[in-house]
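Listed here are the chains, written in short residue letters.
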Amino acid sequence: LFLYFQLLNAFDYFSPWSGQPQLYKLDVSWPKIPEYFTGQTFCVAVDSLHGLVYVAQRGENIPKVLVFSEEGYFLYSWNNTLEMPHGIFVLNTATDSSVWITDVGTGKYGHTVKQYSPSGKLMQILGTPGNAGSSLNPLQFDQPAEIFVEETGEMYVVDGDGGMNNRLLKLSTDYKEIWLRGPNGTGIGQFRIPHSVTVDSFGRVWVADRDNKRIQVFDKVTGEWLGSWSSCFVEDGPYSVRFTANDKYLIVAQLNINRLSILAAPPVGSIGNCVVVNTIQLADETKPHLLDVDLKSGAIYVAEIGAQQVQKYVPL
């Protein structure tokens, strides 16, 4: 019996196909009741401070945002002023919390970035609702894919999920342009569907440049291009980028090959070349779209539009 458990443990820790030690394990008990997912689950955001997990989904006559506890219990939902959520981000400051959601809908609420209270009260709208555009004054978006907000209130928006814009925009606390990178193209600092954005603690902005099959890195203060990674994405472009705590790893979702790649995050200085430390192979047709990492527990939450669910992976 002891040998049996040893073998089971070995199977958990080593992927039998690749021989690589596994860093994460699926938490099969999350969520407690999967039936709350009633649409296409496009994005997920973790509020590590309060132990909450926000999931945004698409579909007709369904709640667009579901809120769970980190243990997997459904808490509440909301459904107003959101058409087609694409990306979601939770911001905690010293005084309050808010939930930022990008809306790529084409109706009267679309082409916007919206800020909500944790209970779903609409607090403000960036962009011109219902009107796609490229203007910076007034601010316009066309299918903004994702957003990252710093505690200072400065924010980074990757704008477009297939619209007219292919740009990374840094905005001040009063939502004015600080710097801009783009436009559409394959050159340095150009994008083809910038799909996800995150910032590390060394002051670098990481962008999943999806259709160019690369990650590009910029200095967060100046917007200067620092490097790019493409050798890890020959099979499929990166859809989502998130760091683990202490910036040890960069977790990347690759939708078309149903895979999470765990890359070694470079220390301060050179971006260097990308190194895949580990992979998590998901089932066929799960289609991992965007993910988030709980910086307290280390758990990875993955929004899967094929499987219409969010799955939780816990570090071993």
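None of these values were measured; they are calculated from a predicted model.

Within the chain, the secondary structure is distributed over one helix and 24 strands. A compact globule built from 316 residues would reach a C-alpha radius of gyration of about 20 Å, and the chain, at 19 Å, matches this within 12%. For the chain, the C-alpha atoms occupy an extent of roughly 70 × 45 × 35 Å along the three principal directions. Here the chain holds 316 residues, and the buried ones make up 55% of them. Restricting the contact set of the chain to residue pairs at least 6 apart, pairs at least 24 apart contribute 45%. For the chain, the accessible surface area stands at approximately 13400 Å², while carbon and sulfur atoms represent 54% of it. In the chain, 23 positive and 32 negative side-chain charges are present, and the distance between their average locations comes to 2 Å.

On the basis of which strands lie adjacent, the open sheet formed by four strands has the order E14-E15-E16-E17 and antiparallel pairing. Single-partner strands in this sheet number two, and they are strand E14 (194–199) and strand E17 (225–229). This sheet shows a mean twist of 20° between the axes of neighbouring strands, independent of strand direction. Looking at chain direction, E14 and strand E15 (residues 204–209) are connected through five bridges and run antiparallel. Across the sheet, the residue bridging to Val197 is Val207, located in E15.

Sequence positions flagged by UniProt for "repeat: NHL" (unreviewed entry) are, in local numbering, residues 185–221. End C-alpha to end C-alpha, residues 185–221 measures 23 Å, and it is 0% helix and 49% strand.

Among the secondary structure elements, Ala132 is positioned in the loop between strand E9 (122–126) and strand E10 (144–149). For Ala132, a relative accessible area of 32% gives the class partly exposed. Once residues lying within four places of it in the same chain are set aside, the contact partners of Ala132 are His111, Gln140, Phe141, Asp142 and Met164.

Given two aromatic rings, their pairing is described by the distance between the two centres and the angle made by the two planes. For the coordinates displayed, the defined rule picks out 13 aromatic pairs. Each ring, one from Trp78 and one from Tyr116, has its centre 5.5 Å from the other, and the planes form 40°; the classification is tilted. Of this pair, Trp78 sits in strand E5 (residues 74–78) while Tyr116 sits in strand E8 (residues 112–116), placing them 38 residues apart in sequence. Looking at Trp78, the relative accessible area reads 6%, which means it is buried. Joined through ring pairs, the aromatic side chains of Trp30, Tyr36, Phe37, Phe68, Phe74 and Tyr301 make up one cluster.

Spatially, the four strands line up as an open sheet ordered E1-E24-E23-E22, and their pairing is antiparallel. Sheet topology places strand E1 (24–26) and strand E22 (288–293) at the edges, where each strand pairs with a single neighbour. Neighbour-to-neighbour, the strand axes of this sheet turn through a mean angle of 30°, independent of strand direction. Pairing of E22 with strand E23 (residues 300–304), which is carried by five bridges, proceeds in the antiparallel orientation. For Leu290, the partnering residue across the bridge sits in E23 and is Ala303.

To continue, consider the state of the cysteines. One pass over the full model with this rule turns up one disulfide. The disulfide partner of Cys232 is Cys274, and the S-S distance across this bridge is 2.2 Å. When the S-S torsion is 130°, as for the bridge of Cys232 with Cys274, the disulfide is right-handed. With Cys232 in the loop between E17 and strand E18 (240–243) and Cys274 in the loop between strand E20 (259–264) and strand E21 (276–281), the pair connects residues that are 42 residues apart, well separated along the chain. A residue is classified by how much of its surface remains accessible, and Cys232, at 18% relative accessible area, is buried. For Cys274, a relative accessible area of 9% gives the class buried.

Quick notes on the rules
- Residues numbered from 1 in each chain as written.
- Predicted model: local features only at pLDDT ≥ 70, side-chain atom pairs only at ≥ 80, totals over all residues.
- Heavy atoms only, no water.
- Helix = DSSP H or I, 4+ residues; strand = E, 2+ residues; numbered from the N terminus.
- Rg over C-alpha atoms; globule rule 2.2 N^0.38 Å.
- Buried < 20%, exposed > 50% of the residue type's maximum accessible area, 1.4 Å probe, protein only.
- Contact = heavy atoms within 4.5 Å.
- Areas by Shrake-Rupley, 256 points an atom, 1.4 Å probe, with all protein chains shown as cover.
- Lys, Arg positive; Asp, Glu negative; His and termini not counted.
- Charge placed at Lys NZ, Arg CZ, Asp CG, Glu CD.
- Pairing = 2+ DSSP bridges.
- Axes fitted to C-alpha atoms, helices over the stretch in contact; angles between N-to-C directions.
- UniProt positions renumbered as here; feature names shortened; annotations may be inferred.
- Phe/Tyr/Trp six-rings, centres within 6.5 Å; stacked < 30°, edge-to-face > 60°.
- Disulfide = S-S within 2.5 Å.

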